[in-house]
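# Breakdown of the fold
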Amino acid sequence: MTCDERNPMRVLELSAPETLTLTQRDVPTPGPGQVLVRMTCVGVCGSDTHYLTHGCIGSYAVDYPMVLGHEGAGVVEAVGEGVDASRIGERVSIEPGVPCRTCAQCLAGAYNLCPDMVFHATPPYDGSLAECIVHDAAFAHPVPDGVSDKAAAMVEPLSVGLWACRKADVTLGDRVLITGCGPIGLMCLLAARARGARDITVVDLNPERLERARALGARVVDSRHERFDEREYDVLLECSGVASVTLAGMRALARGARAVLVGMGGDTVELPLSALQEREVSATGVFRYANTWPQALAMLAGGVVEVDDLVTGHFDLADGEQALRAGLDDPASVKAMIYPNGLPTV
């Protein structure tokens with residue numbers, strides 16, 4: 001069924017604290033430079049769950065009602081002025097942030113740092129958990145044949161892993177330590193492996209997720225029973241957001257190592273300053289990503305990385321709350337996928 005035939009369309013709103021409401025809105029009309037996309041898949045991110053349960057992330061506070069979801073894929077159904085009509089019918093992966101394209105950061109290529117970024121499901125902007133959305137055509141990326149809809153939706157978390165590995169300059173032969181084995185930790189594992197890391201250690205306390213990391217070729221450490229700081233690593237990709245784990249990971253780094261802080265935890269964290277200075281360890285944070293979609297889609301199309309098996313739950317839009325709470329309720333859950341236009345038949 002097309003977007004026009006679904007007018008009005010279903011939308012899942014975060015309507016009040018810890019309250020999701022399935023409601024209806026008019027199907028939007030694409031403006032100049034935009035496309036209308038019928039959403040096939042939207043992955044659930046930990047930030048969606050955090051907005052549901054806490055109503056804010058850092059300085060970003062929900063202005064109710066708000067639509068969640070920023071890991072999306074769909075099919076172009078209409079185009080606005082200035083967009084090639086041949087794109088109608090095209091499968092696309094949605095890059096959820098649209099920068100201004102004119103500020104100093106955008107002109108330097110670091111558009112992820114644009115101060116005027118419009119980003120899905122980041123207050124005050126609505127996200128993707130709707131049957132149809134409009135989006136900037138330049139950030140609706142064509143999906144190659146052979147890449148599934150759910151994989152196209154997971155380009156977003158894969159991009160986080162790719163960006164972290166770029167910032168860490170992961171290269172052939174590196175010894176990489178990944179602390180935290182949630183979806184982003186697993187995406188960092190896939191990206192590091194694709195970049196040639198020879199020795200990847202993943203640390204977590206969730207045995208189900210550690211088994212997934214082991215199956216992907218990592219050495220795993222259950223932090224409830226084992227130490228992980230007895231070796232020296234070239235790269236730390238910190239994905240847990242836990243202060244004590246961050247500190248231990250920093251202390252496990254070799255001379256000249258690189259640390260990238262990916263996970264979000266408290267506002268401050270203790271760092272072993274003398275160890276960082278004496279070993280000339282470089283440390284940086286990451287904020288989203290830039291220019292990752294073409295590489296991610298090419299990696300998926302070429303079989304360099306495979307992400308489909310990371311989807312552990314499939315939900316209709318009406319079951320969105322169950323999907324958003326899956327990571328809280330099920331320790332084996334990795335990625336819940338919501339299908340705004342109905343579950344696939346095959």
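For clarity, every value in this text was computed on a predicted model and none was experimentally measured.

## As for the pairing of strand β16 (residues 233-238)
Among the 6 residues of β16, 6 are classified as buried, and the element is accordingly described as predominantly covered. Where strand β13 (residues 175-179) meets β16, 4 bridges bridge the pair, whose relative direction is parallel. Note on β16: the bridge partner recorded for Ile178 is Leu237. By the bridge criterion, 5 bridges tie β16 to strand β17 (residues 253-261) in an arrangement that is parallel.

## Concerning empty space enclosed by the protein
Under the defined criterion, the tally for this structure stands at 1 cavity of 30 Å³ or more. As for the largest cavity, its lining consists of Glu95, Gly97, Tyr111, Asn112, Met117, Phe119, Arg288 and Tyr289. Considering only residue class, the lining of the largest cavity consists of 4 nonpolar, 2 polar and 2 charged.

## Looking at the layout of surface pockets
Quantified by volume, the second largest pocket comes out at close to 370 Å³. Considering the residues around the second largest pocket, the lining is formed by 20 residues, among which His120, Asp126, Gly127, Ile133 and Val134 are closest to the centre. Mapped onto the lining of the second largest pocket, the elements with two or more residues apiece are β1 (9-16) and β11 (132-136).

## Some words on the state of the cysteines
Following the criterion strictly, the structure yields 1 disulfide and no others. For Cys3, the disulfide goes to Cys132, at an S-S distance of 2.1 Å. The sign of the S-S torsion, about -110 degrees, decides the handedness of the disulfide formed by Cys3 and Cys132: left-handed. Pair noted here: Cys3 is in the segment before β1 and Cys132 is in strand β11, with a separation of 129 residues, a long-range link. The same class applies to Cys3 and to Cys132, which are both buried. Take Cys45: it sits in no disulfide, and the sulfur closest to it among the cysteines is that of Cys239, at 12 Å. Cysteine Cys56 shares no disulfide, and the gap to the nearest cysteine sulfur, in Cys45, comes to 15 Å.

## Some details on the packing of aromatic side chains
Applying the stated criterion to the full structure yields 2 aromatic pairs. Between Tyr111 and Phe139 the ring centres are 5.9 Å apart and the planes differ by 75 degrees, which places this aromatic pair in the edge-to-face class. Remark: Phe139 occurs in the loop between β11 and β12 (140-142) and Tyr111 occurs in the loop between α2 (104-107) and β10 (118-119); sequence separation between them is 28 residues. By relative accessible area, Tyr111 is classed as buried at 11%. A relative accessible area of 9% means that Phe139 is categorised as buried. Against the face of Phe119 rests Arg288, its NZ or CZ located 3.8 Å from the ring centre.

## A closer look at the environment of Pro331
By the secondary structure assignment, Pro331 is in the loop between α11 (326-329) and β20 (335-339). Linking Pro331 and Asp126, residues 205 residues apart in sequence, is a C-alpha distance of 29 Å.

## Some points on the sheet that holds β1
Reading across the sheet, the 3 strands line up as β2-β1-β6 and stay open at both edges, with antiparallel pairing between neighbours. Every other strand in the sheet has two partners, leaving β2 (19-25) and β6 (66-67) as the edge strands with one partner each. In the sheet, β1 pairs with β6 via 2 bridges, with the strands oriented antiparallel. Note that in β6 the partner of Leu14 across the bridge is Met66.

## Looking at helix α4 (residues 155-168)
Between its first and last C-alpha atoms α4 spans 19 Å; for 14 residues at 1.5 Å apiece the expected length is 20 Å, and the two agree. For α4, every residue scored as buried is listed here: Val155, Glu156, Pro157, Leu158, Ser159, Val160, Gly161, Leu162, Trp163, Ala164, Cys165 and Ala168. Looking one or two residues past α4, Asp169 carries a phi angle of roughly 55 degrees, positive in sign.

## Focus on the packing of helix α5 (residues 183-194) against helix α6 (residues 207-215)
Relative orientation of the contacting elements α5 and α6 amounts to 10 degrees, with a least axis distance of 10 Å. In terms of axis orientation, α5 runs roughly parallel to α6. Here Pro183, Leu186 and Leu189 of α5 lie close against α6, whose contacting residues are Arg209, Arg212 and Ala213. Of the residues contributing to the contact of α5 with α6, the split by class is 4 nonpolar, no polar and 2 charged.

Quick notes on the rules
- Along each chain, numbering runs from 1 in the same order as the chain's sequence is written.
- Reporting in this predicted model follows two pLDDT cut-offs: at least 70 for local features of residues, and 80 or more for side-chain atom pairs to be given and counted; totals over whole chains, interfaces and linings ignore these cut-offs and use all residues.
- Calculated side-chain values reflect all of the structure's heavy atoms, with hydrogen atoms and water omitted.
- Under the scheme applied here, a residue whose accessible area is under 20% of the maximum for its type counts as buried, over 50% as exposed, and between as partly exposed, the area being computed with a 1.4 Å probe on protein chains only.
- Helix and strand definitions follow DSSP, with helices as H or I runs of at least four residues and strands as E runs of at least two, each counted in order from the N terminus.
- Two strands qualify as a pair provided DSSP detects at least 2 bridges between them.
- Every definition here rests on a 1 Å grid over the protein atoms only: cavities are sets of points where a 1.4 Å probe fits but cannot get out, pockets are open sets enclosed by protein on both sides within 12 Å along at least five of seven lines, and lining residues have some atom within 4 Å of a point.
- Grid points are joined across faces, edges and corners, and a volume is the space filled by probe spheres set on the points.
- Polar here means any residue other than Ala, Val, Leu, Ile, Met, Phe, Trp, Tyr, Cys and Pro, which are nonpolar, and Asp, Glu, Lys and Arg, which are charged; Gly is therefore polar.
- Cysteine sulfur atoms that pair up within 2.5 Å are treated as a disulfide.
- Each Phe, Tyr or Trp ring (for Trp, its six-membered ring) is paired with any other whose centre lies within 6.5 Å, and the angle between the two planes then decides the class: stacked below 30 degrees, edge-to-face above 60, tilted in between.
- Note on criteria: charge over ring means Lys NZ or Arg CZ within 6 Å of the ring centre, with the direction from the centre no more than 35 degrees off the ring normal.
- Residue count minus one, scaled by 1.5 Å, sets the expected span of a helix.
- Here an axis means a line fitted to C-alpha atoms, over the contact stretch when the element is a helix, while the angle between two N-to-C directions is reported on a 0 to 180 degree scale.
- Each angle receives one of four descriptions, namely roughly parallel if under 35 degrees, roughly antiparallel if over 145, roughly perpendicular if within 65 to 115, and oblique otherwise.
- The contact criterion used is simple: two residues touch if any of their non-hydrogen atoms lie within 4.5 Å.

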